[in-house]
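As a plain string of letters, each chain reads:
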Amino acid sequence: MKKLTNLLGIILVSSLLLMSCSGEKNEKTETNQAAKTAQNSDTLKTTKKEEVKEEKLEPASIKVKLFFQGMDYTDEEGNEIIGTVEERTDFRTNNRYIFCYDSEDFANLQIIGEGKQLTFEIRSGNKVIFSKQNFDLSGKIIFTTRDFELTMANKYSVVVKQKETILFSGKIDSQGCM
């Protein structure tokens, strides 16, 4: 009986020792987890500060110019007139232009100025026919018939945005005039 009591005593003492040692490990683990959580929180704060810094953009300053070339023709006296490329100032000043597809051809569209994270889009109805996304501008960018065509009897909308801010919105209407 004495041996049984000694054996039970040894088991009880061993159990108490094991439980007290495992308790220290749990406290250390909890302390380590709390430290990691605080470190992650600091990292998130730093990341959020960097995102806020990136979101601040200088407002863009741009002009959009539209150029067409008049068609070559012969006047009543037999003189040959060569069509020239000229800016259509109505587009820049009033944000709209009606072009005569039977007497002029689209030459180019220019965006001039300074801006970051710009988007340029040409639509015919609800269909996007050309888009240039997320580009920076310092000076001038020219779009020609290699980029898109303005064809007869269509209505086009031209939009230049910086992120979600619309910087320019214009309309081009193609009509027969002769």
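Residues numbered from 1 in each chain as written. Predicted model: local features only at pLDDT ≥ 70, side-chain atom pairs only at ≥ 80, totals over all residues. Heavy atoms only, no water.

Draft legend 1. Spatial organisation of the overall build of the protein chain. Each helix and strand in the protein chain was counted, giving 2 helices and 9 strands. If you list the helices and strands of the protein chain from N to C, you get α-β-β-β-β-α-β-β-β-β-β. Scored against the burial criterion, the 178 residues of the protein chain give a buried share of 25%. Of the contacts made within the protein chain by residues no fewer than 6 positions apart, 61% connect residues no fewer than 24 positions apart. In the structure as shown, the protein chain presents an accessible area of about 13000 Å², 52% of it carried by carbon and sulfur atoms. (Helix = DSSP H or I, 4+ residues; strand = E, 2+ residues; numbered from the N terminus. Buried < 20%, exposed > 50% of the residue type's maximum accessible area, 1.4 Å probe, protein only. Contact = heavy atoms within 4.5 Å. Areas by Shrake-Rupley, 256 points an atom, 1.4 Å probe, with all protein chains shown as cover.)

Draft legend 2. The arrangement of the environment of M71 in detail. If you trace the backbone, M71 turns up in the loop between β1 (61-70) and β2 (73-74). Residue class for M71 comes out partly exposed when judged on its relative accessible area of 31%. Spatially, the C-alpha atom of M71 lies 8.4 Å from that of D102, the residues being 31 residues apart in sequence. Beyond its immediate sequence surroundings of up to four residues, M71 is in contact with I81, G83, Y101, D102, S103, E104 and D105.

Draft legend 3. Layout of the packing of aromatic side chains. Applying the stated rule across the entire model yields 10 aromatic pairs. Here the aromatic rings of F68 and F106 are separated by 6.0 Å at their centres, their planes lie at 75°, and the arrangement is edge-to-face. Note that F68 is positioned in strand β1 and F106 in strand β6 (residues 104-124), a separation of 38 residues in sequence. The same class applies to F68 and to F106, which are both buried. By the ring-pair criterion, three or more aromatic residues cluster together here, those being F68, Y97, F99, F106, F120, F130, F143 and F148. In this structure, K132 packs its charged tip against the face of F135, placed 5.6 Å from the ring centre. (Phe/Tyr/Trp six-rings, centres within 6.5 Å; stacked < 30°, edge-to-face > 60°. Lys NZ or Arg CZ within 6 Å of the ring centre and 35° of its normal.)

Draft legend 4. Representation of the confidence of the model for the protein chain. Looking at the protein chain as a whole, its pLDDT mean stands at 81, while 70% of the residues score no less than 70. Of all the helices and strands in the protein chain, helix α1 (residues 2-55) carries the lowest mean pLDDT, 58, while strand β8 (residues 155-162) carries the highest, 96. (pLDDT = per-residue confidence, 0-100.)

Draft legend 5. Structural context of the pattern of salt bridges. This model, assessed by the stated rule, comprises 4 salt bridges. The shortest N-O distance in the salt bridge between E86 and R88 comes to 3.7 Å. Each of E86, R88 and E104 takes part in a single network of salt bridges with overlapping partners. (Salt bridge = Lys/Arg side-chain N within 4 Å of Asp/Glu carboxyl O.)

Draft legend 6. Structural detail: unusual backbone geometry. Of note, the phi angle at A153 is positive, near 55°, even though the residue is not glycine. You can see A153 is positioned in the loop between β7 (127-144) and β8. Accessibility expressed as a relative area gives 55% for A153, which makes it exposed.

Draft legend 7. Examining the state of the cysteines more closely. The tally for this structure, following the rule as stated, stands at 1 disulfide. There is a disulfide in this structure between C100 and C177, and the S-S distance comes to 1.9 Å. Since a negative S-S torsion denotes a left-handed disulfide, the C100-C177 link at about -80° is left-handed. On the criterion of sequence distance, the pair formed by C100 in strand β5 (residues 96-100) and C177 in the segment after β9 (165-175) is long-range, its members being 77 residues apart. (Disulfide = S-S within 2.5 Å.)

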